[in-house]
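In case you want the letters, here they are:
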Amino acid sequence: MTISPQLIGRYEIPGAREFGSGSGEARLNRTGPIPQLLIEGPDALLVHELGQDVHLRAAFPRPLSGKKARGIGVAPDCSFAVFTTDTAYIAVAPDGTHLWQHPYIDWRHRREYVSFSLHGPDNTIRTWLRMPSEAPDRTLFHTLNEAGHQVTRHDLPIGGNVQHVSLLWRPDGDLGSVHVSGRASYRATLASGRIFLGERVDVKYIHDVAPSRRGIMTEDGSTPELRWHSFPSYEETVTLRIDDFPSPGTGDCTVHYDPWLMYAGGYLDEDTALVQLSDAYDTARCYGNDVWREYSHWLVDLATGTVRGRIAYPEWEEDFAWPLGDGTWLTRERNDTLCRWTARQTASDAPAAGEDEGVGTGVRAAPRSSPRGKGRRHRR
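Since the structure is predicted, the reported quantities are computational estimates derived from the model, not experimental observations.

1. Observations regarding the overall build of the chain
Part 1: Looking only at helices and strands, one finds 1 helix and 31 strands in the chain.
Part 2: Evaluated residue by residue, the chain yields a buried proportion of 49% over its 380 residues.
Part 3: Excluding contacts between residues fewer than 6 apart, the proportion of contacts in the chain whose partners are at least 24 apart in sequence is 47%.

2. As for the pattern of salt bridges
Part 1: Counting across every chain of the model gives 14 salt bridges.
Part 2: With its nearest N and O atoms 2.7 Å apart, the salt bridge here joins R57 to E49.
Part 3: Relative accessible area serves as the criterion here: at 38%, R57 is assigned to the partly exposed category.
Part 4: We note a salt bridge from D220 to R227, for which the minimum N-O separation is 3.6 Å.
Part 5: By relative accessible area, D220 is classed as buried at 18%.
Part 6: Taking the relative accessible area as the measure of exposure, R227 reaches 18% and is therefore buried.
Part 7: Three or more residues are tied together by salt bridges with common partners; here these are D220, E225, R227, E236 and R241.

3. What about unusual backbone geometry?
Part 1: Note the cis peptide between F231 and P232, where omega equals 15°.
Part 2: Structurally, P232 can be placed in the loop between β21 (225-230) and β22 (236-241).
Part 3: Despite not being glycine, R213 shows a phi value in the positive range, around 70°.
Part 4: Examined against the element boundaries, R213 turns out to sit in the loop between β19 (205-209) and β20 (215-219).

4. Here's the deal with the sheet that holds strand β8 (residues 81-84)
Part 1: If you trace the 4 strands from one edge of the open sheet to the other, you get β7-β8-β9-β10, paired in antiparallel fashion. At either margin of the open sheet sits one strand with a lone partner, and together these are β7 (70-74) and β10 (98-103). Put simply, the sheet's adjacent strands are angled 25° from each other on average, direction ignored.
Part 2: Both β8 and strand β9 (residues 88-92) contribute to a ladder of 4 bridges, which runs antiparallel. Bridge pairing in β9 links F83 to I90.

5. Examining the packing of aromatic side chains
Part 1: Scanning all chains against the criterion turns up 10 aromatic pairs.
Part 2: A ring pair is formed by F19 and W322, whose centres lie 4.5 Å apart and whose planes are at 45°; its orientation type is tilted. Highlighted residues: F19 in the loop between β2 (6-12) and β3 (26-29) and W322 in strand β28 (residues 322-323), separated in sequence by 303 residues.
Part 3: The class for F19 is buried, based on a relative accessible area of 3%.
Part 4: Geometrically, the ring pair formed by Y295 and F320 is tilted, given 4.9 Å between the ring centres and 55° between the ring planes. Taken as a pair, Y295 in strand β26 (residues 295-301) and F320 in the loop between β27 (307-311) and β28 lie far apart in primary sequence, 25 residues in all.
Part 5: Relative accessible area serves as the criterion here: at 31%, F320 is assigned to the partly exposed category.

6. Points about the sheet that holds β19
Part 1: Across the sheet, which stays open at both edges, the 4 strands sit in the order β19-β20-β21-β22 with antiparallel pairing between neighbours. Looking at strand neighbours, the two that pair on one side only are β19 and β22, the edges of this open sheet. When strand polarity is set aside, the average angle formed by the axes of neighbouring strands in this sheet is 25°.
Part 2: Bridge count for β19 against β20 is 4 bridges, and the pairing is antiparallel. Each residue of the ladder has a partner; that of I206, found in β20, is T218.

7. Structural notes on the environment of P42
Part 1: Assignment of secondary structure puts P42 in the loop between β4 (36-40) and β5 (44-50).
Part 2: For P42, a relative accessible area of 66% puts it in the exposed group.
Part 3: Excluding anything up to four places from it in sequence, P42 contacts R62 and G66.

What counts and what doesn't
Residues numbered from 1 in each chain as written. Predicted model: local features only at pLDDT ≥ 70, side-chain atom pairs only at ≥ 80, totals over all residues. Heavy atoms only, no water. Helix = DSSP H or I, 4+ residues; strand = E, 2+ residues; numbered from the N terminus. Buried < 20%, exposed > 50% of the residue type's maximum accessible area, 1.4 Å probe, protein only. Contact = heavy atoms within 4.5 Å. Salt bridge = Lys/Arg side-chain N within 4 Å of Asp/Glu carboxyl O. Pairing = 2+ DSSP bridges. Axes fitted to C-alpha atoms, helices over the stretch in contact; angles between N-to-C directions. Phe/Tyr/Trp six-rings, centres within 6.5 Å; stacked < 30°, edge-to-face > 60°.

It is worth stressing that arrangement in space is one thing and function is another; only the former is reported here.
Quick look at the structure:
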């Protein structure tokens, strides 16, 4: 069956036009309890919290003029942001104070990365920085305390300077694994503050992490499948293939002729995934803009692995969707306008579309705009 979503918010956020473009100038941060939209402004890294409303939580001035410094991470309590330059990581407070600087040299293939962990009853923040390794087939992390002093050095025999390497944290806040994108994941634990690697797991790409951190969404890059696993066990719980959807031209799939499953989407909430199908644009045109769609969005029940149905937007086709993990997702219209949707029957816990509630500093409600790119979106 088709699913009728409710539009619960429309926001015009300066710089949001870059969201989803691949430029990195606007991106989601879902590591905390409330999703955030990080935007690289002309002079600062802007942090917009996407709670029941959308408001500017913090603005971190760039440590260098222009785009010579790029913000790559925000501390869980928004007390500082970490920027990178050609020679160092720099932590900056909202008032512009430089809290600490951690230099590096001779990093030809820069793979900057920062992560944060909380420790002890006071939730003391530890900052984890990816550093250049002297060996081409190893990965180096430094752990810093709140003052920015290095407390631990982790030299791992995996990855390498040209690989993207990341840390995955368990629901209890402990380290669960180290992931080398395109290669594999490695079970990992912390003991005496140091990383100890365990079994290698054949998971090449991680697309999303469940809101509770108890699950991950993956693909291997070679087969048109999406998979969901419990974490940190990596036990596979759901595998989704194009054959799990209605046949093209039938049921909810009457909008497609020859669709394929995109490596996109993620956790709509703990029990539901939002995934996307795509059809060739030329195919859509050949078979009529009133019928065929280039993109479609679907909901999947992660308890049973069944496809619940296709999302039928009320006005026109939406190209891409970004789940927030709280039962809502974002789509982008044009310029700096983002739309927020839910598939729930009621939306009493979120601001109604067009209301002033939920419009915070630097954000204003935006009227419904016309589709960008005529011919690519089609009236229902």
